[in-house]
Amino acid sequence: MGMNTKLRKLCQALIDGKHLEAEAITRELVGCGVEPKIVLDEGLMAGMDVVGKNFKAGVIFLPQVLVSARAMKSSMTVLEPLLAQSAYRSKGRILLGTVKGDVHDIGKNLVAIMLRGAGYEVVDIGVGCSSDRFIHMYEKHSPDIVGMSALLTTTMLYMKVVVDSFVARGIKVPLIVGGAPVTSRFANNIGAAGYARNASEAADLVKSIVKKTGLEV
Ligand code: B12
């Protein structure tokens, strides 16, 4: 079976929510020497894209989305260590969390993986994070950048609450935002330091901020 056929099968296993199959194909692909980034983009992300579209169109419902999300997680257990391998030494520390009221974490986890792969240290503080939690974790880990994720039009508004509480405390760390409903315009409006559309762009964004602030040696 060729690589493209396998990638298509992986994509389909994700859509069908077959986590054992998804994990097995992922292992086969990386075993054949296929770049983990290709497996991620052309297998998993392609599948998740279809899942998202089908959900939006009302073709599938939450339980199906959940089994697809589980398949994605199973595959990621194989990919994650490979994607993170290039991280020899930390180029900077990023704190990442999904905001209060929001449980979506697939995108955030992908951003974390890409950042680790690009050589950054990531402190993942999980989902449903209040501004107090962001600040508490900031004080505990002193990251160079704080990243927030939100997937709901309702919870994305909470990003402003977090930005405002950092400002109110006089903390000057760059705050970056992302998630499907978030736009660069919204990011500007709430006073965030940056926005990225996807995980690869998130890595570029972090790189440019780290450069600008002179953290990179
Ligand atoms: C999977 C999923 C779920 C899963 C989540 C599982 C999990 N562990 O994450 C479950 C089933 C739990 C779920 C629940 C709900 N969901 Co939902 N869900 C989705 C779905 C299908 C896919 C999201 C996803 O994982 N995408 C794949 C990832 C890779 O993409 P991403 O998250 O956008 O992340 C990328 C970028 O945005 C960016 N990024 C993300 N975060 C960050 C952070 C930073 C700092 C940066 C720089 C970049 C960045 O990089 C990522 C990687 O490339 C979307 C539909 C869609 N197409 O988005 C709906 C969707 C987000 N859900 C929706 C809804 C309504 C809900 C529920 C309210 C449903 C309900 N009635 O209960 C609940 C909410 C629960 C809650 N309180 O949070 C709506 C939101 C509508 C809206 N505009 O507000 C959507 C858009 C579906 C729809 N069209 O109706 N959901």
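Residues numbered from 1 in each chain as written. Predicted model: local features only at pLDDT ≥ 70, side-chain atom pairs only at ≥ 80, totals over all residues.

Draft legend 1. Spatial organisation of the pairing of strand 4 (residues 175-178). Taking every second residue as pointing to the same face, both faces of strand 4 are buried, with Leu175 and Val177 on one and Ile176 and Gly178 on the other. Each parallel crossover has a hand, and for strand 3 (residues 145-149) linked through helix 7 (residues 158-168) to strand 4 it is right-handed. The pairing of strand 4 with strand 5 (residues 194-195) spans 2 bridges and is classified as parallel. Each residue of the ladder has a partner; that of isoleucine 176, found in strand 5, is glycine 194. A crossover connection joins strand 4 to the parallel strand 5 through helix 8 (residues 184-189); in handedness this β-α-β unit is right-handed. (Buried ≥ 20, exposed ≤ 12 C-beta atoms within 10 Å, placed from the backbone. Helix = DSSP H or I, 4+ residues; strand = E, 2+ residues; numbered from the N terminus. Right-handed = clockwise from strand over helix to strand, strands pointing away. Pairing = 2+ DSSP bridges.)

Draft legend 2. Structural context of the site of the ligand. Looking at the ligand, there are 36 residues lining it, with Gly52, Gly107, Gly147, Ser149 and Gly178 nearest. Residue assignment for the shell around the ligand shows that the elements contributing at least two residues are helix 3 (36-56), helix 4 (62-83), helix 5 (106-117), strand 3, strand 4 and helix 9 (199-212). Residues that form the shell around the ligand fall into these classes: 22 nonpolar, 10 polar and 4 charged. Looking at which domains feed residues into the shell around the ligand, each of domain 1 (3-83) and domain 2 (93-212) gives three or more. (Near = placed C-beta within 6 Å. Nonpolar A, V, L, I, M, F, W, Y, C, P; charged D, E, K, R; others polar. Domains from an automatic or database assignment.)

Draft legend 3. Structural view of the packing of helix 1 (residues 3-16) against helix 4. Put simply, helix 1 and helix 4 touch, their axes get as near as 7 Å, and they point 135 degrees apart. With respect to their mutual orientation, helix 1 and helix 4 come out oblique. Of the residues in helix 4, those in contact with Ala13, Leu14 and Ile15 of helix 1 are Ser68, Ala71 and Met72. In terms of residue class, the contact of helix 1 with helix 4 is built from 5 nonpolar, 1 polar and no charged. (Axes fitted to C-alpha atoms, helices over the stretch in contact; angles between N-to-C directions. Parallel < 35°, antiparallel > 145°, perpendicular 65-115°, else oblique. Contact = placed C-beta atoms within 7 Å.)

Draft legend 4. Just the nonpolar core, in detail. Residues Leu14, Leu115, Met159 and Ala192 are the most contacted members of the largest nonpolar core, which totals 62 residues. If you count residues domain by domain, this core takes at least three from each of domain 1 (3-83) and domain 2 (93-212). Setting aside residues up to four positions removed in sequence, leucine 115 forms contacts with Ile94, Tyr120, Val122, Ala202, Ala203 and Val206. (Core = buried A, V, L, I, M, F, W, Y, C linked by C-beta atoms within 7 Å.)

Draft legend 5. Structural detail: the sheet that holds strand 1 (residues 93-98). If you walk across this open sheet you meet the 5 strands as 2-1-3-4-5, and the pairing is parallel. Each edge of the open sheet is held by one strand with a lone partner, namely strand 2 (121-124) and strand 5. Across 5 bridges, the pairing between strand 1 and strand 3 is parallel. Looking across to strand 3, one finds that glycine 97 is bridged to methionine 148. Relative to the sheet, helix 6 (residues 131-141) contacts strand 1, strand 2 and strand 3, its axis offset from that of strand 1 by approximately 160 degrees.

Draft legend 6. Region of the structure containing unusual backbone geometry. Its identity is not glycine, yet serine 142 carries a phi of approximately 30 degrees, on the positive side. With respect to the element layout, serine 142 can be found in the loop between helix 6 and strand 3.

Draft legend 7. Structural detail: the domain arrangement of the protein chain. By domain assignment, the protein chain separates into domain 1 (3-83) and domain 2 (93-212). On a C-alpha basis, the centres of domain 1 and domain 2 stand 25 Å from each other.

Draft legend 8. Main features of helix 2 (residues 19-31). In a regular helix each residue adds 1.5 Å, so 13 residues correspond to 18 Å; helix 2 covers 18 Å between its end C-alpha atoms and thus fits that length. On the buried face of helix 2, the contacting elements are helix 1, helix 3 and helix 4. Positive phi shows up at glycine 33, right after helix 2, with a value of about 90 degrees. (Expected span 1.5 Å × (residues − 1).)

Draft legend 9. Region of interest: the packing of helix 6 against helix 7. In the contact formed by helix 6 and helix 7, the axes pass within 9 Å of each other and the chain directions differ by 45 degrees. Between helix 6 and helix 7, the crossing angle belongs to the class labelled oblique. Once helix 6 is placed against helix 7, the crossing between them reads as right-handed. Residues Ser131, Phe134 and Ile135 of helix 6 touch helix 7, and the partners they reach there are Val161, Val162, Ser165 and Phe166. Looking at the contact of helix 6 with helix 7 residue by residue, the classes come out as 5 nonpolar, 2 polar and no charged. (Left-handed = near helix turned anticlockwise from the far one by under 90°.)

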